[in-house]
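Topology and contacts: notes
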Amino acid sequence: MYDMHVHSGYSSDCRLDMEKAVLCAIQKGLSGIAFTDHLDIDYTDHENEFQYDFNDYFGRIDLLRRKYSTEIDILSGVEIGVQPHVIAETKARIKDFDFDFIIGSTHLIKRRDPYYGSYFSDGVSKVDAYGEYLDELFGNLMLYYSDLSDDDKPFCAMGHFDYIVRYAHFDDSRFLYSDHADKVDDIFRFIIERDIALEINTSTYLRQPLDLRMLTRYKELGGRLITLGSDAHSDDRLGVNFRKYADCVRSCGFDRLYYYKDMTPLPYDI
Ligand SMILES: [Zn+2]
Ligand SMILES: [Zn+2]
């Protein structure tokens, strides 16, 4: 399997050395690993963090490919943190670099990251909180694509559409399709029409299990592109629960997952 969402020391919230990650991925029997470090321009309270030098990054990727190409596929990538006011600058920053894979993620809701528990402290209900996140995510997707020129890079996958779930502490924090059917349908239709893959981000499901109705609905709407990503920030998290979630994907009627090379989706059987 391919771990299509891994962070390294090029992310300011991560110290994992790339080579260490590659060796660990080989040891775990992964077929490929995509380094998708954070480009999160004007991230709240950390304006200059979550950005990295792409030339330096690609140099390191090349070195590792030369050393390990017979053992594992090493894929280049970036995880874009989208906010409405950074879209133009983000597109300009990435347009001259040949990433294999680009994840479009939403981490902030109106400048607030649910990672910090204060997002939930004003007594917001679960349905309202998750709904607000989905609104922000959908708004960001629409804005990014509203004036996407031929020179701009599209997203290969939508990152962790259930990101907010990770940091919630409700009595029952499960993110249920039935609570947000209309919003989830809108998002799924949008990504399906544009060939943006749905990411199964297994880091989220260390906290709350995935509602499999999400996957069956994605399939009903015509979805076929699914990637698996651990969102690992340390080597012990690489490929975590991949067999379990590949089986979930299979049980929902899919027989393939995808990895990306040169921005092109490539299937593998599960
Ligand atoms: Zn993320
Ligand atoms: Zn990530």
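Our subject is the structure listed above.
A short tour of the structure in this document, coming up. (Residues numbered from 1 in each chain as written. Chains lettered and ligands numbered in written order. Predicted model: local features only at pLDDT ≥ 70, side-chain atom pairs only at ≥ 80, totals over all residues.)

Turning our attention to the overall build of the protein. The secondary structure content of the protein amounts to seven helices and nine strands. Its C-alpha radius of gyration of 17 Å places the protein within 12% of the 18 Å reference for a compact globule of 270 residues. Across its three principal axes, the protein shows a C-alpha extent of roughly 50 × 40 × 35 Å. Counting over 270 residues, the protein shows a buried share of 41%. The contacts in the protein between residues at least 6 apart in sequence include a share of 80% that link residues at least 24 apart. (Helix = DSSP H or I, 4+ residues; strand = E, 2+ residues; numbered from the N terminus. Rg over C-alpha atoms; globule rule 2.2 N^0.38 Å. Buried ≥ 20, exposed ≤ 12 C-beta atoms within 10 Å, placed from the backbone. Contact = placed C-beta atoms within 7 Å.)

This part takes up the sheet that holds strand β4 (residues 101-105). Here seven strands make up an open sheet; going across it, the order is β1-β2-β3-β4-β5-β6-β7 and the pairing parallel. Bordering the open sheet on either side are β1 (2-6) and β7 (226-229), each of which pairs with just one other strand. (Pairing = 2+ DSSP bridges.)

Another point: unusual backbone geometry. For D231, which is not a glycine, the phi torsion comes out positive at approximately 55°. On the secondary structure map, D231 appears in the loop between β7 and α7 (242-251). Under the C-beta neighbour-count criterion, D231 is labelled buried, with 25 such atoms within 10 Å. Notably, N241 is not glycine yet its phi reads approximately 60°, a positive angle. Within the secondary structure layout, N241 lies in the loop between β7 and α7.

Moving on, we come to the packing of helix α1 (residues 18-27) against helix α2 (residues 54-68). In contact at an axis separation of 11 Å, α1 and α2 are set at 35° when each is read in the N-to-C sense. The element α1 and its partner α2 pack so that their crossing is right-handed. Across the interface between the two elements, M18, E19, V22 and I26 from α1 touch R60, L64 and Y68 from α2. (Axes fitted to C-alpha atoms, helices over the stretch in contact; angles between N-to-C directions. Left-handed = near helix turned anticlockwise from the far one by under 90°.)

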